[in-house]
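# Structural overview for review
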Amino acid sequence: MIIPSILSANFSRIAESVEMMLKEGARTFHVDIMDGHFVPNLTFGPELVRALKREFDLILDVHLMVENPMEAAKWFEEAGADWISFHIETTPHAHKLINMIKGRDKKAGITLNPSTPLELIYPLIEETDFVLVMSVNPGFEGQKFIPSTLKRIDQLRRYIENEGRSSEIQVDGGIGPDNLRDVLSAGATLIVAGSSIFKSNDPVSTYRLMKKIEEEFREK
Ligand code: DX5
Ligand code: ZN
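For the structure given in this document, a descriptive report is provided here. (Residues numbered from 1 in each chain as written. Chains lettered and ligands numbered in written order. Predicted model: local features only at pLDDT ≥ 70, side-chain atom pairs only at ≥ 80, totals over all residues. Heavy atoms only, no water.)

Six octahedrally arranged donors around a metal ideally form angles of 90 or 180 degrees; four tetrahedrally arranged donors ideally form angles of 109.5 degrees. Only His 30 (NE2), Asp 32 (OD), His 63 (ND1) and Asp 172 (OD) from the protein coordinate the zinc ion (ligand 2), and they sit 2.0 to 2.3 Å from it. As a motif over one chain, the donors of the zinc ion (ligand 2) read H-x1-D-x30-H-x108-D. Taken together, the positions of His 30 in strand S2 (residues 28-34) and Asp 172 in strand S7 (residues 168-172) put the pair 142 residues apart, joining distant regions of the chain. The exposure class assigned to Asp 172 is buried, which follows from its relative accessible area of 8%. (Donors = N, O, S within 2.8 Å, 3.2 Å for Na, K, Ca; no water. Helix = DSSP H or I, 4+ residues; strand = E, 2+ residues; numbered from the N terminus. Buried < 20%, exposed > 50% of the residue type's maximum accessible area, 1.4 Å probe, protein only.)

So this is what it looks like as structure tokens:
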């Protein structure tokens, strides 16, 4: 699944960007929540989630990059988020938080920065709906994909398979038509794309191209 990230949309026309992708068949959108502490940038609060859910029929994948994920998860759940992921670096109570999120019938994801050992999340695999492997240092759109991420995705996919689990692997940062195939081949199934879509000359064509690459990959 290709998941457009609204961080790269034109903020004065977010609704238009969402509509444009909905028309192309996108249903799930990635919403980056940054608090200016865990990451050096500030973005959206729960009101954006509430407004988008009120206006459109879509699934919102909320990526929390905040120091207080316990509290924040609650705010975004109440606002209507459908999927919520949080960083393992931000809480010693990840197991509790995953179960809180799932207890409210949301999909729970756990995320790690590029330098965080994968093994940290292994004890949580059983409970986790998806693992978000960051392929850039979180905070900004438009950064370059970190190549060693491919090895991490592959390693995680093997671990999940060996354990007989069904958690999906999401990858976020620096993904576009040029490296999408590599990311899929490594084992990712949920692909976040911000600038490669919205900052391209023709976002619709780029989204279509990425979907086509993914379809071709699945047919192989
Ligand atoms: C980065 C965010 C990403 C961002 C990705 O901290 O978590 O979701 O939107 O943007 P691109 O695809 O431009 O790297
Ligand atoms: Zn993100």
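Text resumes after the structure shown.
This part takes up the site of ligand 1. Around ligand 1, a shell composed of 20 residues is seen, among which Ser 5, Asp 32, Asp 172, Gly 174 and Ser 195 lie nearest. Gly 174 places a main-chain nitrogen or oxygen 2.7 Å from an oxygen atom of ligand 1. Look at ligand 1: alone it shows 380 Å² of surface, and the protein chains cover 100% of it. At the level of secondary structure, the elements contributing two or more residues to the shell around ligand 1 comprise S2, strand S3 (59-65) and strand S8 (190-193). Here the element with the most residues in the shell around ligand 1 is S2; it accounts for 3 residues. Residue classes in the shell around ligand 1 are distributed as 8 nonpolar, 9 polar and 3 charged. (Near = heavy atom within 4 Å. Polar contact = N/O pair within 3.5 Å; in protein donor to acceptor, adjacent residues only side chain to side chain. Areas by Shrake-Rupley, 256 points an atom, 1.4 Å probe, with all protein chains shown as cover. Nonpolar A, V, L, I, M, F, W, Y, C, P; charged D, E, K, R; others polar.)

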